[in-house]
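Next come the chains, spelled out residue by residue.
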Amino acid sequence: MNRKVVFSYGCILIAAALWGGIGISVRYISGFGLTSIQSACVRIFVTTLCLFLYLVCTDRTKLKIHLCDLKYYFGSGILSILLNNVCYAVSVRVNSLSMAAILLYTSPFIVVVFAHFVFREKMTVKKTTALLICFIGCIFTVGLGVFVESALTPAGLLAGFGSALGYALYNLFTKVLVRKYHTFTVTFYTFLFAFVGIIFLASPLELLGKVVTAPERVPLAVLSAALTSALPYLLFAAGLRYAESSKASIVATVEVAASSIFGFMFYGEKLKSANIIGILMIIAAVVTLNLPERQKKVKKS
């Protein structure tokens, strides 16, 4: 692997670890009394605002985009970020948290299939093996009892796969955009479109009223949203410049392991032997995925 590829996967790995802390951010922001959609709206707004202020203060030329590319930003913002957040908010309401997580992490399968046909990425034995190990690891990490305890309904299934589709489409749309635009440009307009979409679903006046009642929480809420939303999405977009979409989606499942570890560290949540096995399987899948390919010997005639 050359340095650019190593840097790309490093960015994706760090992004996944930061996403693992999103539960901490959500719990803190929910202290305002917000709904799941309103909490997502706050994170999206903070990400959009942070990126806008940064670009205005550093390089305004990065705010320029071609009108013909608006369709891709619509895809990355509305069909990806917005779809993922709305469907996941519904999924955690109608499914158990564990089942919602499992359905969300079917997204690497979607990315692998799409990337094969759209970007001509090869479906190798190593990639398929890593994908299966990773998915089984996710099941172990969230708990084996998920299939016994959860009564899956058609609505829950649809919401879960909708969140996975949105997660997968972000990977694919961003892969197209980073070939033409800077990472900051791609992430800013993606979240701008997502914010325009979600603000109509979040009851903005009610949301503002809840935030005003607890102004002392705002600075830390902004910081937590920036660290678990703005920064990881920037890193993930940067990583996609030289990383394969299918591999990136598998590496990003480190988020599941990170969230379990954060839960253990900050909230005293127990890690059973099955959870630890799952975490190790996810790590093993990422390591397997990034092992160097064997060079085939060419016989001279």
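Just so we're clear, the structure is a prediction, and the values are computed from it rather than from any experiment. (Residues numbered from 1 in each chain as written. Predicted model: local features only at pLDDT ≥ 70, side-chain atom pairs only at ≥ 80, totals over all residues. Heavy atoms only, no water.)

Digging into the confidence of the model for the chain
Quick reminder of the rule: The quantity called pLDDT is the predictor's confidence in a given residue, expressed from 0 to 100. Helix and strand definitions follow DSSP, with helices as H or I runs of at least four residues and strands as E runs of at least two, each counted in order from the N terminus. The contact criterion used is simple: two residues touch if any of their non-hydrogen atoms lie within 4.5 Å.
Per-chain confidence: the chain averages 88 in pLDDT, with 93% of residues scoring 70 or above. Across the chain, the element-wise mean pLDDT spans from 60 in helix α8 (residues 146-149) up to 96 in helix α10 (residues 183-198). Note that pLDDT drops below 50 for residues 296-301; the model gives that stretch zero contacts with residues more than four away or on any other chain.

Notes on the packing of aromatic side chains
The geometry of two aromatic rings is summed up by the distance between their centres and the angle between their planes. The cut-off we apply is this: The criterion for an aromatic pair is that two Phe, Tyr or Trp rings (for Trp, the six-membered ring) have centres within 6.5 Å, with stacked assigned to planes under 30 degrees apart, edge-to-face to planes over 60 apart and tilted to the rest. Note on exposure labels: buried denotes an accessible area under 20% of the residue type's maximum, exposed denotes more than 50%, and partly exposed covers the range between, all computed with a 1.4 Å probe on protein chains only. Charges are assigned to positions over rings by a cutoff of 6 Å between ring centre and Lys NZ or Arg CZ, combined with an angular limit of 35 degrees from the ring normal.
This model, assessed by the stated rule, comprises 15 aromatic pairs. Between Y73 and Y189, the ring centres sit 5.5 Å apart and the planes meet at 55°, which makes this aromatic pair tilted. A residue pair is termed long-range when its members are at least 10 positions apart, and Y73 in helix α4 (residues 70-94) and Y189 in helix α10 qualify at 116 residues. This pair shows no difference in class: Y73 is buried, exactly as Y189 is. Sitting over the face of the ring of Y28, R217 holds its NZ or CZ atom 4.8 Å from the ring centroid.

Structural notes on the pattern of salt bridges
The line we're drawing: Within this document, salt bridges are pairs made up of a side-chain nitrogen of Lys or Arg and a carboxyl oxygen of Asp or Glu, the two lying within 4 Å of each other.
Counted under the stated rule, the structure contains four salt bridges. D59 is paired through a salt bridge with K62; the nearest N and O atoms lie 2.8 Å apart. We classify D59 as partly exposed; its relative accessible area is 23%. Using a relative accessible area of 22% as the deciding quantity, one classes K62 as partly exposed. Of the charged contacts, one joins E206 and K210 as a salt bridge, the two residues approaching to 2.9 Å between their closest N and O atoms. Taken together, the positions of E206 and K210, both in helix α11 (residues 204-212) and four residues apart, correspond to about one turn of that helix.

Quick notes on the packing of helix α14 (residues 254-267) against helix α15 (residues 273-289)
Each pair of packed helices can be described by the angle between their axes along with the distance between the axes. Just so we agree on the cut-off: All axes are obtained by fitting lines to C-alpha atoms, using only the stretch in contact for helices, and the reported angles, taken between N-to-C directions, cover 0 to 180 degrees. Handedness of each helix crossing follows the sense of rotation of the near helix against the far helix: counterclockwise by less than a right angle gives left-handed, clockwise gives right-handed. When residue character is reported, Ala, Val, Leu, Ile, Met, Phe, Trp, Tyr, Cys and Pro are called nonpolar, Asp, Glu, Lys and Arg charged, and the others, Gly included, polar.
In the contact formed by α14 and α15, the axes pass within 9 Å of each other and the chain directions differ by 145°. α15 is crossed by α14, and the crossing has left-handed handedness. Facing V254, V256, A257, S260 and I261 of α14, the residues of α15 in contact are I279, I282 and V286. A per-class count over the contact of α14 with α15 returns seven nonpolar, one polar and no charged.

Some words on unusual backbone geometry
In the Ramachandran plot, R120 falls in the positive-phi region, its phi being about 60° despite a non-glycine side chain. R120 sits in the exposed class, given a relative accessible area of 63%. Within the chain, S203 stands out as a residue other than glycine whose phi angle is a positive 50°. Within the secondary structure layout, S203 lies in the loop between α10 and α11.

Regarding helix α9 (residues 154-177)
It helps to recall that an α-helix has 3.6 residues per turn; residues three or four apart then point in one direction. Filter applied, for reference: Every helix has an expected span of 1.5 Å times one less than the residues it contains.
Along its 24 residues, α9 runs 34 Å from first to last C-alpha, staying within 8% of the 34 Å computed at 1.5 Å per residue. The buried fraction of α9 is high, at 17 of 24 residues.

Section: the nonpolar core
Rule in force here: Here, nonpolar core means buried Ala, Val, Leu, Ile, Met, Phe, Trp, Tyr and Cys residues that are tied together by side-chain atoms lying within 4.5 Å of each other.
Residues I12, I29, I81, I198, F236 and I282 are the most contacted members of the largest nonpolar core, which totals 64 residues. For this core, the leading source of residues is helix α3 (residues 36-58), giving eight residues. Setting aside chain neighbours within four positions, we find I29 in contact with L34, S39, V42, R43, A221, S224 and A225. By size, the runner-up hydrophobic cluster in this structure holds seven residues, among which are V111, A115, F119 and L172.

Describing the side chain of D69
Relative to the assigned elements, D69 resides in the loop between α3 and α4. If sequence neighbours within four positions are ignored, D69 has contacts with K180 and Y181.

Focus: a nonpolar patch on the surface
Selection rule: Grouping into patches uses exposed residues only, defined as over 30% relative accessible area, and leaves out salt-bridged ones; the cut-off is 9 Å for like charges and 5 Å for nonpolar side chains (Val, Leu, Ile, Met, Phe, Trp, Tyr). Per-residue accessibility takes into account occlusion by the displayed protein chains alone, with areas from the Shrake-Rupley method and a 1.4 Å probe.
Taken together, the side chains of V113, F114, F117, V118, M123 and L165 present a nonpolar region at the surface, about 530 Å² in accessible area. Take F117: it is sitting in helix α6 (residues 107-118). The exposed category is assigned to F117, whose relative accessible area is 55%.

Notes on α10
Here α10 spans 22 Å end to end across 16 residues, near enough to the 22 Å set by a 1.5 Å rise per residue. The set of residues buried in α10 consists of T183, T185, V186, T187, F188, Y189, T190, F191, A194, G197 and I198. Where α10 is buried, its residues touch α3, α4, α9 and α12 (218-239).

Observations concerning the environment of T61
Rules: Here a polar contact is recorded for every N or O atom pair within 3.5 Å, except that within protein the pair must consist of a potential hydrogen donor and a potential acceptor, and residues adjacent in sequence are included only if both atoms are side-chain atoms.
For T61, the position within the fold is in the loop between α3 and α4. At 2.4 Å, the side chain of T61 and the side chain of D59 are in polar contact.

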